[in-house]
Amino acid sequence: MYLCAAHAPVSGEIYHEERLLSKLLDNYYKDARPVSNPDHTVNVSIRFSFIRIEDLIESTDTFSATVFIVQTWRDPRLRWNASEYGGLQQIRLPRHKLWTPDIVLYNVASQGAPESRYEDMVVVTSDGSMIWIPMMTLYSTCPMDLTYFPYDTQTCTMVFGSWAHTSKEMSVKFLTTNESEVEVEVTDEDSMSFPIHQHPEWELVGRGAKAKITKKSYECCPDSFTILSVTVKMARKPQFYRYLTVGPAAVLGLLVPVLFLLPANAQEKSTYGLLLLLCLSILMLIMENAIPFTHGSLPHIASFYLGTMILTCFSIVLSVLITNISARGARRKALPAWIHTTDLDRVVSAKYGYGTPRLTKIFLGRLGLRRMLCMGDYSPVDNVYSYAPRSEDTLLEDTPMDGDVTNASSASTDIQLREIHRCVRFMMGKMAADDSYRNVSQEWVELAHVLDRCLFLAFFVFYIFTAVSLLL
């Protein structure tokens, strides 16, 4: 008896719902607008709630998101007296059997049409009020600007509107306000108690998104159409790209000036530069997988990679030239007079207290670039052997001989002394030539060291300027 009493209301409710559905849908035409007079307007209230940002594809400029679209309106054809149907206040009907607002996405992307996640059901109340809450995944176009990748912020706008009905036939407004042109923030609090799932690469800026309703007229039609735009502003999470692309690029760029700190005559300078080029090429391949190089905008990080590669190529060429400069001393060719302080300048400075007015101290002089670069003074080794042989030979030639000594012993001694002096003169001349050769070679090496230090400072300053302007 108790079980029969408990199940009786259920059976009665099912019976009343079947009877109600038979009455409501018997002569119902879903293609007709739900108005009693053709001049009346269907008032549709709408609200957006974001569930998840699906993806933002740089290569195709496509933005996808899953949203709830809450839509309410009234259909006078679907009213009933609840007392006549066992107090039944509301029913649920499939969307394809009813008239629903034809609000579609205008800027749909080629990735795919908007698709509903579940079978759409419309809640119908006894006073004719309709509530439709489809959950849809939308694909819209979103022109992206990758100039500041990976610290970029993108703004995507989804544009909705009626495909067939004008503003006079169907009026659209927001659910929480009666204004026709207002900005409504779609936030986590408005998302129907469903939290917005965080995307692993993108995060919403501010409170989320903004929706705005405007009206637009076309030349083809006398009446205006209602346009609903939903703008989403997102910032990229740069942690992954900071360690993958920006950090290695900055470190490799900083290693380019270090090339000029190696010894000028080191054979490893070219190998070092080519190794930097190889590392840059590998990093560019990694970055190509991160962002498409076919995009219209060029990221600053790509320009920095290109600039670093150009700097590396120039550094290799200049290091080869400097290595050749440091080896020119082997050809026994002295430095030009305007590069270093010559012996004549030192003699004039010591004798008269001032130097010559020529530009002879640019690189190796006491007031030249070597002192300015804190490399200390350079003084060639004094070649003392270049004067001694000549003075000794002159002394032997000018020594008067005793005319009374004509014996063979004295003649033999004189010949031996001359032979000894000739050998000494030859040996001292050889030592003087060796000292001169070492001085010439060392001067070319010192010149290469000064050029290396100048290029190190120039490349370091240029790298800092490039890094600040392109990476920050």
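In UniProt, the chain has this text filed under Subcellular location (unreviewed entry): "Membrane".

Participant: An account of the state of the cysteines is requested, with residue identities and associated values reported.
Facilitator: According to the stated counting rule, one finds 1 disulfide in the structure shown. Put simply, Cys142 and Cys156 are joined by a disulfide, and their sulfur atoms are 1.9 Å apart. Here the disulfide of Cys142 and Cys156 is left-handed, its torsion about the S-S bond being about -75°. Linking Cys142 in the loop between β8 (135–141) and β9 (153–162) with Cys156 in strand β9, this pair joins segments that are 14 residues apart in sequence. Each member of the pair, Cys142 as well as Cys156, carries the same accessibility label: buried.

Participant: So what's going on with the pattern of salt bridges? Which residues, and what values?
Facilitator: As enumerated under the stated definition, the model contains 7 salt bridges in all. Between Glu58 and Arg236 there is a salt bridge, and its shortest N-O distance comes to 2.9 Å. Taken together, the residues span a long stretch of sequence, with Glu58 in the loop between β1 (42–57) and β2 (62–74) and Arg236 in strand β13 (residues 225–236) at a distance of 178 residues. Here the two residues Glu58 and Arg236 agree in accessibility, since each one is buried. Taking the shortest distance from any N to any O, the salt bridge between Glu201 and Arg236 comes out at 2.6 Å. Of the two residues, Glu201 sits in the loop between β11 (183–186) and β12 (202–216) while Arg236 sits in strand β13, which places them 35 residues apart along the sequence. The same class applies to Glu201 and to Arg236, which are both buried. Where salt bridges share partners, they join Glu58, Asp152, Glu201 and Arg236 into one cluster.

Participant: Can you tell me about the packing of aromatic side chains, naming the residues and giving the values?
Facilitator: Following the criterion strictly, the structure yields 8 aromatic pairs and no others. Each ring, one from Phe304 and one from Tyr463, has its centre 6.1 Å from the other, and the planes form 55°; the classification is tilted. In this pair, Phe304 sits in helix α4 (residues 300–326) while Tyr463 sits in helix α8 (residues 408–471), placing the two residues 159 residues apart along the sequence. Grouping aromatic residues by their ring pairs yields a cluster made of Phe149, Phe240 and Tyr241. Residue placement shows Arg236 over the ring face of Tyr241; its charged tip is 5.6 Å from the ring centre.

Participant: Provide a residue-level description of the nonpolar core, including the pertinent values.
Facilitator: Formed by 77 residues in total, the largest nonpolar core has its most connected members in Phe50, Phe63, Val124 and Phe160. Ranked by residues supplied to this core, first place goes to α4 with 8 residues.

Participant: Mind laying out unusual backbone geometry, listing which residues take part and the relevant values?
Facilitator: Most peptide bonds take the trans configuration, and most residues that are not glycine carry a negative phi. Residue Phe149 is joined to Pro150 through a cis peptide bond whose omega torsion reads 5°. One can find Pro150 in the loop between β8 and β9. Of note, the phi angle at Asp61 is positive, near 55°, even though the residue is not glycine. Tracing the chain through its elements places Asp61 in the loop between β1 and β2. With a relative accessible area of 23%, Asp61 lands in the partly exposed category.

Participant: Give me the lowdown on the confidence of the model for the chain, citing residues and values where you can.
Facilitator: Residues shown with low pLDDT carry predicted positions that ought not to be read at fine detail. Residue-level pLDDT values for the chain average 75, and 69% of them are 70 or greater. No element of the chain has a lower mean pLDDT than helix α5 (residues 343–352), which averages 43, and none a higher one than strand β7 (residues 129–132), which averages 94. Low pLDDT, under 50, characterises residues 1–10; the stretch is placed with 0 contacts to residues that sit more than four places away or in other chains. Note that residues 389–393 has pLDDT below 50 and, in this model, 4 contacts with residues that lie over four places away or in other chains.

Participant: Could you give an account of helix α2 (residues 239–258), with specific residues and numbers?
Facilitator: Taking 1.5 Å as the rise per residue, α2 with 20 residues should run 28 Å; its terminal C-alpha atoms sit 28 Å apart, in good agreement. Residues of α2 that are buried: Tyr241, Thr245, Val246, Ala249, Leu252, Gly253, Val256 and Pro257.

Participant: Got a sec to walk through the pairing of strand β10 (residues 170–174)? Specific residues and values, please.
Facilitator: Every second residue of β10 is oriented toward a common face, the buried set being Met170, Val172 and Phe174 and the non-buried set Ser171 and Lys173. Here β1 runs beside β10; their pairing, made up of 5 bridges, is parallel. Pairing of Asn43 across the sheet is with Ser171, part of β10.

Participant: Now, about the packing of α2 against helix α3 (residues 268–290): what can you tell me, with residues and values included?
Facilitator: It is the contact of α2 with α3, at a shortest axis distance of 10 Å, that shows an interaxial angle of 160°. Viewed along their axes, α2 and α3 adopt a mutual orientation that is roughly antiparallel. In this structure, the crossing between α2 and α3 has a hand that is left-handed. In this structure, α2 contributes Tyr241, Leu244, Thr245, Pro248, Ala249, Leu252, Leu255, Val256 and Val258 to the contact, and α3 contributes Tyr272, Leu276, Cys279, Leu280, Leu283, Ile286, Met287 and Ala290. Tallied by class, the residues present in the contact of α2 with α3 amount to 16 nonpolar, 1 polar and no charged.

Participant: Quick rundown of the environment of Lys212? Include the residues and the values.
Facilitator: Along the polypeptide, Lys212 turns up in strand β12. Along the sequence, Lys212 and Val159 sit 53 residues apart, while their C-alpha atoms lie 9.6 Å from each other.

Participant: Let's hear about the pairing of β1: which residues, and what values?
Facilitator: Bridging between β1 and β2 involves 11 bridges; their strand directions are antiparallel. Following the sheet pairing, Arg47 is matched in β2 by Val70. The antiparallel pairing of β1 with β2 creates a hairpin that spans 4 residues between the two strands, and Asp61 there sits at a positive phi of about 55°.

Participant: Please give an account of the environment of Ser326 that cites residues and values.
Facilitator: Within the secondary structure, Ser326 sits in helix α4. For the pair Ser326 and His449, spaced 123 residues apart in sequence, the C-alpha to C-alpha distance is 8.3 Å.

Participant: Just give me the short version of a nonpolar patch on the surface, but keep the residues and values in it.
Facilitator: A cluster of nonpolar side chains, contributed by Leu254, Phe460, Val461, Ile464 and Val468, occupies part of the molecular surface with about 410 Å² of accessible area. The element that contributes the greatest number of residues to the nonpolar patch is α8, accounting for 4 residues. Relative to the helices and strands, Leu254 is located in helix α2. Note on Leu254: relative accessible area 40%, which makes it partly exposed.

Reading guide: rules and limits
For every chain, the first residue of its written sequence is number 1, and the numbers climb from 1 along that sequence. Only residues with pLDDT of 70 or above have their local features reported here, since the model is predicted, and side-chain atom pairs are shown and tallied only from 80 upward, although totals for entire chains, interfaces and linings are computed over all residues. For the side-chain quantities, the full set of heavy atoms in the structure was used; hydrogens and water were omitted. UniProt positions are given in the numbering used here, feature names are shortened, and annotations may be inferred rather than shown by experiment. Any pair of cysteine sulfurs within 2.5 Å is marked as a disulfide. The way it works is that DSSP assigns letters per residue, a run of H or I at least four long becomes a helix, a run of E at least two long becomes a strand, and they are numbered from the N terminus. Burial classes follow relative accessibility: with a 1.4 Å probe on protein chains only, a residue under 20% of its type's maximum area counts as buried, one over 50% as exposed, and anything between as partly exposed. Whenever Lys or Arg places a side-chain nitrogen within 4 Å of a carboxyl oxygen from Asp or Glu, that contact is recorded as a salt bridge. Centres within 6.5 Å are what make two rings of Phe, Tyr or Trp a pair, Trp counting through its six-membered ring; a difference in plane orientation under 30 degrees is then read as stacked, over 60 as edge-to-face, and the rest as tilted. By the criterion adopted, a ring carries a charge over it if an Arg CZ or a Lys NZ lies within 6 Å of its centre and within 35 degrees of its normal. In plain words, nonpolar cores are sets of buried Ala, Val, Leu, Ile, Met, Phe, Trp, Tyr and Cys residues tied together by side-chain atoms within 4.5 Å. Known as pLDDT, the predictor's confidence for each residue is given on a scale from 0 to 100. Whether two residues are in contact is decided by their heavy atoms, any of which lying within 4.5 Å being enough. To estimate the expected span of a helix, count its residues, drop one, and scale the result by 1.5 Å. One requirement defines pairing of two strands: DSSP has to find at least two bridges between them. Here an axis means a line fitted to C-alpha atoms, over the contact stretch when the element is a helix, while the angle between two N-to-C directions is reported on a 0 to 180 degree scale. Relative orientations are named as follows: roughly parallel for angles under 35 degrees, roughly antiparallel for angles over 145 degrees, roughly perpendicular for angles from 65 to 115 degrees, and oblique for any other angle. By definition, turning the near helix anticlockwise from the far helix through less than a right angle yields a left-handed crossing, and turning it clockwise yields a right-handed one. Gly is placed with the polar residues, together with every amino acid not listed as nonpolar (Ala, Val, Leu, Ile, Met, Phe, Trp, Tyr, Cys and Pro) or charged (Asp, Glu, Lys and Arg). Any residue with relative accessible area above 30% and no salt bridge may belong to a patch, with like charges joined within 9 Å and the nonpolar Val, Leu, Ile, Met, Phe, Trp and Tyr side chains within 5 Å. Areas reported as accessible are Shrake-Rupley estimates using a 1.4 Å probe. Residue values count occlusion only from the protein chains shown.

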